Amino acid sequence: MSKTVVVVGHGMVGHRFIEALRTRDTDGAWQVIVLGEEADAAYDRVGLSGYVGAWDRSCLALPGNRFPGDTAVDLRPGTRVTAIDPDAHRLTTDAGETLAYDALVLATGSYAFVPPVPGHDVAGCHVYRTLDDLDAIRADAEASLERNPDAVGIVVGGGLLGLEAANALRQLGMRPHVVEINPRLMPQQVDEGGGEHLARMIGELGIDISLSSGTKSIEAAPAGGLTVTLADDTAVDAGLLIFAAGVRPRDELGREAGLDLAPRGGILTDVTCATSAPDVYAIGEVAAVDGVCYGLVGPGYATAEVVADRLLGGDATFPGADLSTKLKLMGVDVASFGDALGTTPGSLNVVVSDPVGGTYSKLVLSDDAQTLLGGVLVGDASSYGMLRPLVGSTIPGDPVALISPAAEGGEALGLGALGDDAQICSCNDVSKGTLCSAIADGSCTVADLKKCTGAGTACGSCVPLLSKLLSEEGVEQSKALCEHFDRSRAELFELVQASGIRTFSGLIERFGTGTGCDICKPTVASILASTSSDHILGGEQASLQDTNDAFLANIQRNGTYSVVPRVPGGDITPEHLILIGEIARDFGLYTKITGGQRIDMFGATVEQLPLIWKRLVDGGMESGQAYGKSLRTVKSCVGSDWCRYGQQDSVQMAIDLELRYRGLRSPHKLKMGVSGCARECAEARGKDVGVIATDAGWNLYVCGNGGMTPKHAQLLASDLDSATLVKYIDRFLMYYIRTADRLQRTAPWLDDLDGGLDRLKAIVVDDALGLAEDFEAAMARHVEGYSCEWKGVLDDPEKLSRFVSFVNAPESPDPTVAFGENNGRKVPVLLGDPGFPARAPR
């Protein structure tokens, strides 16, 4: 008979415990009840700032956070535990329910500390901890900006969280003012020299900083907002205030239940994470392991693994904590590792400071200058991946050379300099030896290593090292597209350009083997389309396409298609609205306005497609390319024409970009957005190309996406005029199209690019490859040669003849197509499915 473990708290560490237990509990020994105080299931709190701009809670949801299909896990979000009775092995919830447990795991985390400043609880004061907190901050920020477009947002605390909060306020359109009681920013991570560099770079981004200062009082202002008085009696008018002054463990349940607490708070545990009460464990930020609370996700995950192992009869103990951190704050790299502040007696500091280049690097060495103890990196943290695993090891060479600009991110160091016990992934405690063993056992790709060892699956900072380790271990990573081509997509692209071959049969005859497959055929079709303006269904091309491309429409679940006319930038005339409505009415189609500012018409059969296209084309509309691996839409807000906050004409820019890049075939779909100000109503930073207006021009963001693995776009260039903006987008898109792998979106493409964003900037902005003119010329040829693909079918009787349900009976409709109704909406019904009882075949 299975036992019951109750988990109190469903944050990142609580979720990690449940995953670890369920993965290893092959005998079904434990049933799990999860009580989460927040209404949201576990989400990425480390990436909380990623919620700003996207405002989509699902973007931060941890994979499998609702345990679909797992009957051994009972998830109860929005449930607060009010009392624990360790002697009776029971607990009580806020709903009055009493639950018995065989084991109890406390994963209650921590709460944001609010200093007892007079006025700390007035309206407009916030903490930066949960999704609900960010929603409240957003609402107050928008209200403040309506009262005053130059509203200031105060952040109390200049640590990591405080700087993230300041960046969030900046994204919301406010002017952040950081107040830090210490004489430097991030005092727990960087030293005095690093703090000076960091403060200078953060200040250059338009953020006010008050160091060695505190908050004396907070008062509600008569006209709205706050009056904040600092320690030196300076009064600051602010729209809102955020406390980011550290966290405290949520140990109140343990205290009230009589569990032993650590002197500085937290539920006291031994190295097995067991508390003073029988069968009660504490993990994550609430656990004071041997009296110490750890506020990082890596040590928290380690405690989760220990308890999962213990419940299944293992003997795991807490392995200690790596407090190293690497992050990018508003485009500024910051990293610290080991004894970063040099507290070891007799330690020596080696510093390379470059105020002009904006970098600061420090290594902390043992008193004999032989052993690396720690370090600080500000402005350029590219050497972090190689230096952190060396902590505790003998330095391989001149320490100055390791952090000087000539070292170029530590490329002179090889992983061979590391011992097998060197920790490559600190989040999941994966050593070099573990990774090498996995490689020896057959793991031959980064994906294999992630799946086998868990390395690189948390913060991801060690992923470049995984690839490097594979190479140094002699594993040749195949770039073959498929069994028919031993070259990568990028190499095939170059072969098509160089050879002039314009057919799949010609390409495979010369450079491949066999007859092709579902992988290489559509890939080559895309390359051929990217390198010319030939019609997508012209000649041999027609037989290579995926179903959607083959019929220039998106196939739906019952075999019908959706038709999506182009609406550039979401800008549409009344005549075109009427035309879409009339077509939808006449053909009985279901209409839906999408998140991409398009109007989709669903339910068209294949023989109806040309009839619908003709009416749209005759009415002045064209194909929206929603069916292709190409530009989908360019989303826009109303911009300066209508919005009182608009700084540029975002609508016209969106129209110009969509008309320029329409029909451009690429390795994966492309989405763009143009926002008229920093309020980001077009959600441009969630797109492959995002453009945000400034008072000086346009900021260009690249390589973002939504979907199952959302990524925020990163800033490529700032304050561009319109011509330069378009030029940079031309270069970026053509470089991506030429070099990306099959079905690789821009975000993972950038992750795989050696040198990352800095390398991309060098290529796009500085023309490091000398190919800028070539990229721009290729885009110009595309723009000049574009023509509507729907019209190309309508003008060609041979292509038109393909659009029938049955070749031998072209006038006959498909009898398997049927529809039903759901709450007044037309929906498809699959034959044989009980579905909806009222069926109305066409």
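In what follows, the accompanying structure is described. Since this is a predicted model, take the numbers as computed values, not measurements. In this numbering scheme, every chain counts its residues from 1 along its sequence in written order. Restriction of local features to residues with pLDDT of at least 70 applies here, the model being predicted, together with a cutoff of 80 or more for giving and counting side-chain atom pairs; totals for whole chains, interfaces and linings are based on all residues. The basis for every side-chain value is the complete set of non-hydrogen atoms in the structure, without hydrogens or water.

**Observations concerning the overall build of the protein chain**
To keep it simple, the criterion reads: The helix count covers DSSP runs of H or I at least four residues long, the strand count covers runs of E at least two residues long, and both are numbered beginning at the N terminus. Radius of gyration means the value over C-alpha atoms here, while the globule rule gives 2.2 Å times the residue count to the 0.38 power. Remark: exposure states derive from per-residue accessible area (1.4 Å probe, protein chains only) relative to the maximum for the residue type, with buried under 20%, exposed over 50%, and partly exposed in between. Note on definitions: a residue-residue contact is assigned when non-hydrogen atoms from the two residues lie within 4.5 Å. Note that accessible areas follow from Shrake-Rupley with a 1.4 Å probe, and for residues the cover is restricted to the protein chains shown. Working convention for charge: Lys and Arg count positive, Asp and Glu count negative, and His plus the chain ends are omitted. By convention, the point assigned to a charge is CZ for Arg, NZ for Lys, CD for Glu and CG for Asp.
The secondary structure content of the protein chain amounts to 26 helices and 39 strands. Computed over its C-alpha atoms, the radius of gyration of the protein chain comes to 29 Å, within 12% of the 28 Å expected for a compact globule of 842 residues. Projected onto the principal axes, the alpha-carbon positions of the protein chain cover approximately 85 × 70 × 65 Å. With 842 residues in all, the protein chain has 52% of them scored as buried. Counting only contacts in the protein chain whose residues sit at least 6 apart along the sequence, the fraction spanning at least 24 positions is 61%. On the protein chain, roughly 36,200 Å² of surface is accessible, and the fraction owed to carbon and sulfur atoms is 50%. The averaged location of the 111 negative side-chain charges in the protein chain is 5 Å from the averaged location of its 72 positive side-chain charges.

**With respect to the sheet that holds strand S20 (residues 287-289)**
We count it as follows: Strands are labelled as partners when DSSP assigns at least two bridges between them.
Strand order in the open sheet made by the three strands is S18-S20-S21, with mixed pairing throughout. Lying at the two open borders of the sheet, with one neighbouring strand each, are strand S18 (267-269) and strand S21 (292-293). When S18 meets S20, the two strands line up parallel, connected through three bridges. Across the sheet, Thr269 pairs through a bridge with Val289, a residue of S20.

**Notes on the packing of helix H1 (residues 12-24) against helix H7 (residues 297-311)**
This is how the line gets drawn: To obtain each axis, a line is fitted to C-alpha atoms, and for helices this fit is confined to the stretch in contact; angles are then taken between N-to-C directions over 0 to 180 degrees. Left-handed describes a crossing in which the near helix is turned anticlockwise from the far one by less than a right angle; the clockwise case is right-handed. Ten residues, namely Ala, Val, Leu, Ile, Met, Phe, Trp, Tyr, Cys and Pro, are considered nonpolar, four, namely Asp, Glu, Lys and Arg, are considered charged, and the remaining ones, Gly among them, are considered polar.
For the pair H1 and H7, interaxial distance at closest approach is 8 Å and the crossing angle is 35°. Seen along the crossing, H1 lies across H7 with a hand that is right-handed. Residues Met12, Val13, Arg16, Phe17, Ala20, Leu21 and Arg24 of H1 lie in contact with H7, whose contacting residues are Val297, Gly300, Tyr301, Thr303, Ala304, Glu305, Val307, Ala308, Asp309 and Leu311. Each residue belonging to the contact of H1 with H7 can be placed in one class, and the counts come to eleven nonpolar, two polar and four charged.

**Observations regarding the packing of aromatic side chains**
Under the convention used in this document: Pairing of aromatic side chains requires ring centres within 6.5 Å, counting the rings of Phe and Tyr and the six-membered ring of Trp. Pairs whose planes differ by under 30 degrees are stacked, by over 60 edge-to-face, and all others tilted. Whether a charge sits over a ring depends on NZ of Lys or CZ of Arg being within 6 Å of the ring centre and within 35 degrees of the ring normal.
In the structure shown here, the tally under the stated rule is 13 aromatic pairs. Ring geometry for Phe551 against Phe803: centres 5.6 Å apart, planes inclined by 85°, an arrangement best described as edge-to-face. Of this pair, Phe551 sits in helix H16 (residues 547-551) while Phe803 sits in the loop between helix H26 (797-800) and strand S38 (818-822), and the two are 252 residues apart along the sequence. Summarising the aromatic geometry, the rings of Phe732 and Trp749 are spaced 5.9 Å apart at their centres and angled 65° between planes, so their arrangement reads as edge-to-face. Of the two residues, Phe732 sits in helix H21 (residues 722-739) while Trp749 sits in helix H22 (residues 746-752), which places them 17 residues apart along the sequence. Among the aromatic residues, those joined into a cluster by ring pairs are Phe551, Tyr561, Trp613, Trp790 and Phe803. Sitting over the face of the ring of Phe819, Lys826 holds its NZ or CZ atom 4.1 Å from the ring centroid.

**Digging into the side chain of Ser650**
For the record, the criterion: Polar contact is defined as a pair of N or O atoms within 3.5 Å, subject to the rule that within protein one atom must be able to donate a hydrogen and the other to accept it, and that residues adjacent in sequence are counted only when both atoms are side-chain atoms.
Here Ser650 shows up in helix H20 (residues 650-661). The exposure class of Ser650 is buried, given its relative accessible area of 0%. Among the polar contacts listed, one links the side chain of Ser650 to the backbone oxygen of Cys637, at a separation of 3.4 Å. Apart from the residues within four sequence positions on either side, Ser650 is in contact with Ser636, Cys637, Val638, Gly639, Val674, Ser675, Gly676 and Trp698.

**A word on the sheet that holds strand S3 (residues 73-77)**
Pairing is parallel across the open sheet formed by five strands, whose spatial order is S3-S2-S1-S7-S19. Two strands in the sheet have a free side with no partner beyond their single neighbour: S3 and strand S19 (280-282). The sheet shows a mean angle of 15° between the axes of neighbouring strands, taken without regard to direction. In the sheet, strand S1 (residues 3-8) pairs with strand S7 (residues 103-106) via four bridges, with the strands oriented parallel. Counted as the bridge partner of Val7 is Val105 from S7. Where H1 meets the sheet, it contacts S1, strand S2 (30-36), S3 and S7, and its direction lies at approximately 170° from that of S2.

**Observations regarding the pattern of salt bridges**
Keep this limit in mind: We count a salt bridge whenever a side-chain nitrogen from Lys or Arg sits within 4 Å of a carboxyl oxygen from Asp or Glu.
In the structure shown here, the tally under the stated rule is 35 salt bridges. Here Arg76 makes a salt bridge to Glu97, at a shortest N to O gap of 3.1 Å. In this pair, Arg76 sits in strand S3 while Glu97 sits in the loop between strand S5 (90-93) and strand S6 (98-100), placing the two residues 21 residues apart along the sequence. A salt bridge links Lys362 to Asp191, with the nearest nitrogen and oxygen atoms 3.0 Å apart. With Lys362 in strand S25 (residues 359-365) and Asp191 in the loop between strand S11 (175-179) and helix H5 (192-204), the pair connects residues that are 171 residues apart, well separated along the chain. Comparing Lys362 with Asp191 shows no difference in burial state: the two are buried.

**Considering the nonpolar core**
Here is the rule we go by: Remark: nonpolar core denotes a set of buried residues (Ala, Val, Leu, Ile, Met, Phe, Trp, Tyr, Cys) joined through side-chain atoms within 4.5 Å.
If you look at the biggest cluster of nonpolar residues, it comprises 58 residues, and the most contacted ones within it are Phe485, Tyr661, Leu700, Leu733 and Leu760. The biggest single contributor to this core is H21, with ten residues. With 40 residues, the next largest nonpolar core counts Leu131, Ile207, Leu327 and Val378 among its residues.

**Some thoughts on helix H23 (residues 756-764)**
For an α-helix, the turn length of 3.6 residues means that residues three or four places apart are oriented alike. Of the residues making up H23, those classed as buried are Gly756, Leu757, Leu760, Ala762, Ile763 and Val764. Buried residues in H23 make contact with strand S36 (697-702), strand S37 (714-720), H21, H22 and helix H24 (772-785).

**Quick word on the packing of H20 against H21**
It is at 12 Å that the axes of H20 and H21 come closest, and there the two elements cross at 35°. The chirality of how H20 crosses H21 is right-handed. Where H20 approaches H21, its residues Met653, Leu657, Arg660 and Tyr661 are matched on the opposing element by Ser722, Leu725, Val726, Ile729, Asp730 and Leu733. Among the residues forming the contact of H20 with H21, the class breakdown is seven nonpolar, one polar and two charged.

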